Amino acid sequence: MKVLVIGGGAREHALCRSLSLDPDVTALHCAPGNAGIAEVAKLHAVDQLDGAAVAALATELGAELVVVGPEAPLVAGVADAVRAAGIPVFGPSREAALLEGSKAFAKDVMAGAGVPTARSYVCTTPEEIDEALDAFGAPYVVKDDGLAAGKGVVVTEDVEQARAHALACDRVVIEEYLDGPEVSLFAITDGTTVLPLQPAQDFKRALDGDEGPNTGGMGAYSPLPWADPKLVEEVLETVLQPTVDELRRRGTPFSGLLYAGLAITSRGVRVIEFNARFGDPETQVVLARLKTPLAGVLLNSANGTLEDQAPLSWSDDAAVTVVIASHNYPDTPRTGDPIEGLDEVAEKDAPHAYVLHAGTKRGEDGAVLSAGGRVLSVTATGSDLAQARERAYAAVGRIRLDGSQHRTDIARKAAEA
């Protein structure tokens, strides 16, 4: 099978790594990719938001499966353009991707499906914003209705900070605060059958101890030793299947990756948000544990034949990923700095630890340079979380990037429990 992956972050590197290890994949392409993905796939320049350009590239390459990684191309309708060209594509239509593209739409779908979530108000005027903030009180949860690359949510005790964020958005969702630990659960679906993956937990705040601003994610781990063994089954029955059924009922079937961000509250499981694609950095740890070859599963989703898919096989190992971010992330990150130590990790830590590239590029002299806020995802596996953490941080210690930052407490509490 010839596969084309769209995107250029660590999520796409994780996808490409898994696909490159799949014996059924005979040719692997990625557009636009990054310096790390170039080691496992052939790169192509493309505007990933241009559906016609992506479809033309897929046709030219003779791709038999296109995997759309990021949310922006999905919301822009790239999957529709590829489908119209007659090529199987893993990723929802523009209409179904609104589940991530609009928080208000997601709330409406959840209401129709009877999915448990936080009470909320959709606000467009300063008066509505003030009423909603008063109604819920602190801590305030304020979400930009549209896409914001993981940085559109503010959770704060400070009403002025909450109001300022709300006023900066065209349309905003203000909702009640959900207590309890958060869990990310992915499911692959063809619009009818829903196949859940293993749960993961990610770390959104920039600094240790969950301090600092929200980011796109600073690390993740899987499995979750503290979670109820029946969690996946419960979420499939109460969240994932009802949501997929509701979208099909509305005439906008969802095919691809449905990601449920969950809060395990004192009142039970509640949905914080839906995403329409693999999450980053959770994909890095979930795919590190998946033993079933990936390409066939994604193709079954694209072709509507997921009911024929054999049960997924998982490693008993734990996985931890630690994000190395550039100086000043998540504000205005510095780019263009050389990254050293990657060869050292490959030489001393493989196969248990490896580096997935997020924001990187090759300089004119061939050196790997930083090219984004989140630069690398250092991922490791081990017999338990403690060993996976140890291996991940040993690899992190070999990497040198001027001014870089990373959290030192990823998976620590879970490993010590």
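Residues numbered from 1 in each chain as written. Predicted model: local features only at pLDDT ≥ 70, side-chain atom pairs only at ≥ 80, totals over all residues. Heavy atoms only, no water.

Colleague: Describe the pattern of salt bridges, naming the residues involved and giving the relevant values.
Modeller: Any two side chains of opposite charge can pair if their charged atoms end up close together. Taken as a whole, this structure holds 26 salt bridges when the rule is applied. Two residues, Asp130 and Arg163, come together in a salt bridge whose shortest N-O distance is 2.7 Å. Of this pair, Asp130 sits in helix H7 (residues 126-136) while Arg163 sits in helix H8 (residues 159-167); the two residues are 33 residues apart in sequence, bridging distant segments of the chain. Where Asp337 meets Arg334, a salt bridge forms, and the shortest distance between an N and an O atom there is 2.9 Å. (Salt bridge = Lys/Arg side-chain N within 4 Å of Asp/Glu carboxyl O. Helix = DSSP H or I, 4+ residues; strand = E, 2+ residues; numbered from the N terminus.)

Colleague: Pulling in residues and values, what's your account of the state of the cysteines?
Modeller: Applying the stated criterion across every chain, the model contains zero disulfides. Among the cysteines around Cys16, which has no disulfide bond, Cys30 carries the closest sulfur, lying 4.2 Å off. Among the residues examined, Cys16 registers a relative accessible area of 0% and is labelled buried. For the unlinked cysteine Cys169, the closest cysteine sulfur is that of Cys123, found at 11 Å. (Disulfide = S-S within 2.5 Å. Buried < 20%, exposed > 50% of the residue type's maximum accessible area, 1.4 Å probe, protein only.)

Colleague: If you had to explain a negative patch on the surface to someone new, which residues and values would you point to?
Modeller: On the surface, Glu127, Glu128, Glu131 and Asp134 cluster together into a patch of negative charge. Turning to its location among the elements, Asp134 is positioned in helix H7. (Patch = residues over 30% accessible without salt bridge, like charges linked within 9 Å, V, L, I, M, F, W, Y side chains within 5 Å. Areas by Shrake-Rupley, 256 points an atom, 1.4 Å probe, with all protein chains shown as cover. Lys, Arg positive; Asp, Glu negative; His and termini not counted. Charge placed at Lys NZ, Arg CZ, Asp CG, Glu CD.)

Colleague: Summarise the nonpolar core; cite the residues concerned and give the values.
Modeller: One finds Leu4, Val66, Leu99, Val320 and Ile399 to be the most contacted residues of the largest nonpolar core, which totals 75 residues. The residues contacting Val320, other than those within four sequence positions of it, are Ala220, Tyr221, Val285, Val378, Thr379, Ala380, Leu385, Ala388, Arg389, Ala392, Ile410 and Ala411. (Core = buried A, V, L, I, M, F, W, Y, C linked by side-chain atoms within 4.5 Å. Contact = heavy atoms within 4.5 Å.)

Colleague: Hey, could you go over the sheet that holds strand E12 (residues 201-202) for me, with residue numbers and the actual values?
Modeller: Strand order in the open sheet formed by five strands is E12-E15-E18-E23-E20, and the pairing between neighbours is antiparallel. Each edge of the open sheet carries a strand with a single partner, namely E12 and strand E20 (353-357). Relative to strand E15 (residues 219-222), E12 runs antiparallel, the two sharing two bridges. For Gln201, the partnering residue across the bridge sits in E15 and is Tyr221. Relative to strand E18 (residues 318-325), helix H13 (residues 385-396) is tilted by about 30 degrees, and along the sheet it contacts E15, E18, E20 and strand E23 (374-382). (Pairing = 2+ DSSP bridges. Axes fitted to C-alpha atoms, helices over the stretch in contact; angles between N-to-C directions.)

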